[in-house]
Amino acid sequence: MSRRGGGRRSSEPRRDQDSSNPSPSFQRGGDGGRGRGRGGRGGFTTAPSPIPVRAPHPAAPGYLSVTAGPSTSLTPRETVSSSTPPLASSSASPPASSSASVEAISQEMEKKLSFKSITATGGSVPVSSKAIVPPPRPQYASKGRKCVIRANHFVVEVSDRDLFQYDVAITPEVPSKKVNRDVISQLVRSYRESHLGNRMPAYDGRKSLYTAGALPFEAKEFVVKLVEKNDPASSSSSVKKERQFNVAIKYASKVDTHHLKEFLSGRQKDVPQETIQILDIVLRASPSEKYVTAGRSFFSLDLGPKGELGNGVEYWRGYYQSLRPTQMGLSLNIDVSARSFYEPIWVTEFVAKHFNLRDLSRPLSDQDRVKVKRALRGIKVEISYRDYARSFKVTGISNLPVNKTMFTLDDKKVKVSVEQYFWERYKIGLQYTSLPPLQAGTDAKPIYLPMELCKIAGGQRYTKKLNERQVTALLRATCQRPSARENNIKQANNLSSTSLFLSFLILIFVMVRQNDFSRNVLVRNEFGIQVKEELAVVDARVLPPPLLKYHDTGREARVDPQLGQWNMINKKMVNGGKIDFWTCVNFSMKVHRDLPPEFCFQLMDMCNSKGMEINPNPIIPIHSANSRQIEKALHDVHKQCTAELADQKGKQLQLLIIILPDISGSYGKIKRVCETELGIVSQCCQPHQAKKLSKQYLENVSLKINVKAGGRNTVLNDAIQRRIPLVTDLPTIIFGADVTHPQPGEDSSPSIAAVVASMDWPEVTKYRGLVSAQAHREEIIQDLYKKYQDPNKGLVHSGMIRELFIAFRRSTGQKPHRIIFYRDGVSEGQFSQVLLYEMQAIREHSCGLLILCWPYVFEGARSHYPQLFSFLWIVVFVPGCGSMPGSYASKSCYYLHGYCIQFYQACGTLEEGYCPPVTFVVVQKRHHTRFFPYDHNKRDQTDRSGNIQPGTVVDTKICHPTEFDFYLNSHAGIQGTSRPTHYHVLFDENDFTADGLQTLTNNLCYTYARCTRSVSIVPPAYYAHLAAFRARYYIEGETSDSGSTTSGTGRSTEARSLPAIKENVKDVMFYC
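As the structure is a prediction and not an experimental result, all values here were calculated from the model.

Across the sheet, three strands lie side by side as 25-24-32; this open sheet has antiparallel pairing. Each edge of the sheet is formed by a strand with only one pairing partner; in this case those strands are strand 25 (558-559) and strand 32 (715-716). As paired elements, strand 24 (residues 548-549) and strand 25 share two bridges and run antiparallel to each other. Within the sheet, the bridge partner assigned to K549 lies in strand 25 and is R558.

Written out as C-alpha cells, the structure reads:
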C-alpha cells in the first residue's frame, strides 16, 4: 500500500453515502393566465396581482443515517447581542429589476389586472400568485358498491405554535450529515438551557434549523470541538483525534402556520410547502439518527432480519415515511420497504460471489478486471491490520497484481511492490498475489490495499440493478398475503425480531410504535405534534366490471368478468387478424428437432380457433439456427422471404416466430434487428414454455399475435353501443405517455420517452406507439412538438403528437374532437412543469400558439391591445435560464427575458381553428399508499388472494384536500399486497364528472391486450411503458439486463438518437 500502506491517518472526515432527498409531497405551483374560455375546470387561471413571479421551491430537507457519534466539547462565542427576532413573517422581497421601465410596466399591469380580474369574476384576491393549478374536484363520486377499507395512513394533529427557521453555518464544511448532526446534537445537549431558551430544535442535517418558538438571540456563534475515539484493533490504548468547528446560528424567518390551516380547509389553493417540510423534518429527526437513510426510507437490522440475495448482496428491512396533506388533515404515510445492501464480507469473498470466480489464485483477465473495478468503485472498505481500524473509499483497482504493482516509499528512493511492502512492514504474507490491489486516495497519491485484507463496511446500499434471481429472492422474502397478515396483527404486541416473515401490517405497527411519537420529546412536547397509532379507516366503493364484447360466432359473445379475470374458453377474438406469410426460426439447442414444427402447428391452430385467419403453411421451412449468429440468421430469413415474395408486389413477411436461445441475453438484439433494421414483426417464445405445448400458453401467445397482426382481442360493449360518456359521442383519441430513465450509474444513457395513441374509435383498443430518446434523466417529453426551418419547405411542424393525430385521421377518417391524455411516471414535484410544457406541446399541435418573449413586445401588446392583453396572457415558466445575463437570472427565470406573453391563436398546425378540449391525467404507480380489507374474514370484501377487490376506488379522506384525484385498485391481486394506482387530474376541459372519469379508467383496464385480466394501470400508460422499455433495447442491447455500462462520472448532454422503427412495425402494437 503506498504512502506507508495506509499508515498515514487522514484528517478528512468520513464521507457518508449520498441519499436522494425528494421534496415533500405536493411541491408544486406555478404561474398562470387564463384558460381557453370554454368553461372547463382545468386550464390556466389569471392571478389578479401582480404579474405572478413564482417563488422558488424550498430546498428539500436532507436526510442521512446517523450512528453513534463522537464525544464533543463545546464553547459558545456570541457575535451578535442577544435579541428576540421579529415576530412578523420574514419573506424575501423579489430582486430588483435592472430596468426601471420594466418595473414600472409590472406595477401598472399589477393594478390593471388586479382590478379587472376581480371585477370580472366577482371573486376575492387569492392569497398567493401561483396561478397554474390543477382543477378542483368536481364532486365526490357515488357509483359502485360502498364499503370500508383500511389505509396505511396515520392522522397527524399539530398544535398551534409559532415555527421559526434559522440558518446554520458549520465551518469547515463537511459533506457528512452524520458529523453535522453530531455537532448540533451536542450543542443542544450542552446549551439548551443556558443559551437556547430551553428550546429543542429540529435540524435537517445541512443548513437549516427549526424551532417551535423563537430562540433568545438573533445570531450566535459557537466553537465546537469533536473528539473522535477509534476502537483499538491490537492495542489497549485508544487513539483520539480532536476537530474544531465554528457553528453560526442566525435567524431567518417565521413560518406562517395559518396558511396550512387554510389549505387543509380548502380555502387556500397553494400548498404550504415550507410548513409541511418543517413538520416532516421534525418527524424524521429521531429515525434519521438511528437508522440508515435512503431518500425517504429508513433501514436497520433492528427493523427485521436481513436476508441473502446472492452475489454478495443482502436485503435489509425498513420503512418509508412521508407527511402528506389530505382531506382528513395531515397524514403520515408509512409503508414497509426492503432495500439491497452489500454484504459486510471480505472483498475477495465478494469478488468470488459476485462474478462466480472459483479460483482467485489465477490472474484476472482484462475484461474481468474492468468488471471488478466497476463493481467495487465507490465502496467503503475497512482494514484492521494496523493498531487501529480505518476505512477507505475505493476509487479503482490497479492494472497489475499485487506482486507487480510498484510504488515509491516516503523516502522517495526505494521502490517496492505491494506484496513486498506488506511483508516487510506488517509481516503479512499475501495469499492472492495474482489479484490486483484496491486503489484509494487520488491518482496522484494512490493508496494500495490488498483485497484479502479489506472488508466491505456494513450498511452500504447496493444501488446497481438486481438480476432476475435477486429480484425473485427479494419478492419471496418480502411478499405475504393480507390473510396471513391479519392473524399476525393480533400478535403485534408480542412480535419477535427474529421471525423470518414479518407481515406488512405488523411492520407498520412496529415502525409507529418504535418511533413512539407520542412520547418523543421533540415531536410531542416541543412541537406539539401527535400521531395516531391506528390505521386510517376509509370509505371506498367497488365499481362494477364492464361487459366485454367478443365475436358473435363464438359460443360466448359477451363476458362479465368476475373478480377481475375471465378466460377465452368458447370465445373468439372480436376482430381476428389475418396473416398469410409467416415462418419460424429456432435458436434453442435443448429442444427436440421435431418440436418447432409441432409447436408452430399447434400455435397456428390455436390462433385460427380463436378467430384469426392464418395460413397453416410457413412461407419458408421452419428451421434452427446457431444462437451465436443471431443477426446473420435473421438477415438470412428476411432475404429468403423477400425472394419468395418477389413476384407479389407489396407483400412481405408478416410474422416471425422465434424460439429464444437457452441462455438469456438475446431478446434485445432480436427485437432491435427485427424492428429497426428488417421491418419484421416478431413473436418470441421461451424454449421451456414451448416444450410444454400448454394450451394456456398457446392461448396467451395468440392474444399477442392477434394485436401484432392488427386485430382486436376484445372491446368494451358500451363502446360498441356508444354508451361511454365523453368518449363515444364524438371522435376521441386517448393517449398514453411515459419516460423511462437508465439505471443508476449509466450516466451516458439517454432517457426514453414513449407516446401511444388509440387508432380506432369508438372501440379505443388499438394503440400506435412512438418512441424518442432525450437527455439523460429528462422527465419532460421533448419531442411532443417540434418545428424547424427547412430551406425548401419553410417552417415545418413535426413531433409525436402531430404524427399520431395524422395517423388517427388516416385510420378512422375523422379528426379527434376530444383528447384524453394519461401521463405516467410523473412525481408530484413535477406536476406544474409537466402540465405547462406538455400541455403547451399539445396546444401547439392542435391550436397553435404564438409565443412572444421579448420585453418590448410586452409594452407593445399592452398599448395596442389593452383589453385582449388583460385577459389572454399566460406567464410561462422556462427552465435553463440560469445562463441569462443581468436581472433576468435573478428573477429565478420565471419570465423569459423579463416577461413572456403567450396568445392562443386559431391558426393550428393541422387545421385552421382546430382546438379540441384536453383532459390531462397523471398516472402514479410508485407511491406508498396501500389498502387492506376492513375484515379479512368476509369474502365479499376480498379477492382470491386476500386483497381488496378489483374496482375498489377511493376519493375521500386520504386524497388531496381540493384537487381532482383518486386511488383505483383495478386489478386482482396475485401475491403480496396489491398496490392501487393514483390518478391525478391536472387539466380538464372536457368537464369529466368524478364518476365518469373513474368508471372510464376502470373499464379501460379490462381492455389490456396481453391477458384476460384487468390490469393495475390504465392500458395506454401501460403500453407507453412497454414501448419505452422496448426502445431501450435498441441502444443498450443486453446491457439493460446488467447494471452500469459506463465508467465515467460525467453526464452526456446530447441524447443518443434511437434507430428508426420501420413503418410497417409502427402500424401494429409491436411492443406487446
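Anyway, onward from the coordinates.
With that settled, consider unusual backbone geometry. The linkage connecting T171 with the following residue, P172, adopts the cis geometry, with an omega of 0°. Examined against the element boundaries, P172 turns out to sit in the loop between strand 4 (163-171) and helix 3 (177-191). For the bond from W761 to P762, the omega torsion is 15°, close enough to zero to count as cis. Along the polypeptide, P762 turns up in the loop between strand 34 (751-758) and strand 35 (767-774). Positive phi, close to 60°, is recorded for K957, a residue that is not glycine.

All right, on to the environment of N198 then. Position of N198 relative to the elements: it lies in the loop between helix 3 and strand 5 (202-203). Judged by its relative accessible area of 41%, N198 falls in the partly exposed class. Note: C-alpha distance between N198 and V188 (10 residues apart in sequence) is 9.0 Å.

For the rest of this paragraph, the subject is the pairing of strand 45 (residues 981-988). Counting buried residues in strand 45 gives eight out of eight residues, a clear majority hidden from the surface. Bridge analysis of strand 41 (residues 918-924) against strand 45 gives six bridges, and the strand direction is antiparallel. Across the sheet, V923 pairs through a bridge with Y983, a residue of strand 45.

Of all the 11 residues making up helix 24 (residues 994-1004), nine are buried; the element is thus mostly covered by neighbouring parts of the structure. Listed as buried for helix 24 are A994, L997, Q998, T999, L1000, T1001, N1002, N1003 and L1004.

As a further point, take the environment of D204. Its place among the elements puts D204 in the loop between strand 5 and strand 6 (208-212). The exposure class of D204 is buried, given its relative accessible area of 7%. Along the sequence, D204 and I278 sit 74 residues apart, while their C-alpha atoms lie 8.8 Å from each other. Side-chain polar atoms of D204 contact the backbone nitrogen of R206, separated by 2.8 Å. Separated by 3.2 Å, the side chain of D204 and the backbone nitrogen of S208 make a polar contact.

Strand order in the open sheet made by the three strands is 15-14-21, with antiparallel pairing throughout. A strand with exactly one partner marks an edge of an open sheet, and here the two such strands are strand 15 (390-393) and strand 21 (455-456).

We now examine the side chain of T962. Looking at where T962 falls in the secondary structure, it is placed in the loop between strand 43 (952-954) and strand 44 (965-969). For T962, a relative accessible area of 13% gives the class buried. Beyond its immediate chain neighbours, meaning those up to four positions away, T962 contacts P136, R137 and G266.

The next thing to look at is the confidence of the model for the protein. The predicted structure's coordinates, where accompanied by low pLDDT, should not be read in detail. Mean pLDDT over the protein: 80, with 75% of residues reaching 70 or higher. Predicted confidence is poor over residues 1-131, with pLDDT under 50, and the contacts of this stretch with residues over four places away or in other chains come to 361 contacts.

Positionally, K708 belongs in helix 17 (residues 695-708). E675 is the oppositely charged side chain nearest to the buried, salt-bridge-free K708, at an N-O distance of 6.3 Å. A distance of 3.1 Å separates the side chain of K708 from the backbone oxygen of C1072, its partner in a polar contact. Residues contacting K708, with those up to four places away along its chain left out, are K671, V681, S682, Q683, V1068, M1069, F1070 and C1072.

Glancing now at the packing of aromatic side chains. Here the structure, examined in full by the defined rule, presents 31 aromatic pairs. With a centroid separation of 5.5 Å and an interplanar angle of 70°, the aromatic rings of Y667 and Y1033 are classed as edge-to-face. Residue Y667 is found in helix 15 (residues 667-678), and its partner Y1033 is found in helix 25 (residues 1019-1036); the two are separated by 366 residues along the sequence. Take Y1033: its relative accessible area is 8%, and that puts it in the buried class. Residues F966 and Y983 carry aromatic rings whose centres are separated by 5.3 Å and whose planes lie at 25° to one another, so their mutual orientation is stacked. Placement of F966 in strand 44 and of Y983 in strand 45 is noted, with a sequence separation of 17 residues between them. Y983 shares its class with F966; the two are buried. The structure contains a cluster of three or more aromatic residues connected by ring pairs, namely Y385, F407, Y421, F422, Y426 and Y448. Its guanidinium or amino end placed over the ring of W423, K427 lies 5.7 Å from that ring's centre, counting from NZ or CZ.

The rules behind these values
- Residues numbered from 1 in each chain as written.
- Predicted model: local features only at pLDDT ≥ 70, side-chain atom pairs only at ≥ 80, totals over all residues.
- Heavy atoms only, no water.
- Pairing = 2+ DSSP bridges.
- Helix = DSSP H or I, 4+ residues; strand = E, 2+ residues; numbered from the N terminus.
- Buried < 20%, exposed > 50% of the residue type's maximum accessible area, 1.4 Å probe, protein only.
- Polar contact = N/O pair within 3.5 Å; in protein donor to acceptor, adjacent residues only side chain to side chain.
- Contact = heavy atoms within 4.5 Å.
- pLDDT = per-residue confidence, 0-100.
- Lys, Arg positive; Asp, Glu negative; His and termini not counted.
- Salt bridge = Lys/Arg side-chain N within 4 Å of Asp/Glu carboxyl O.
- Phe/Tyr/Trp six-rings, centres within 6.5 Å; stacked < 30°, edge-to-face > 60°.
- Lys NZ or Arg CZ within 6 Å of the ring centre and 35° of its normal.

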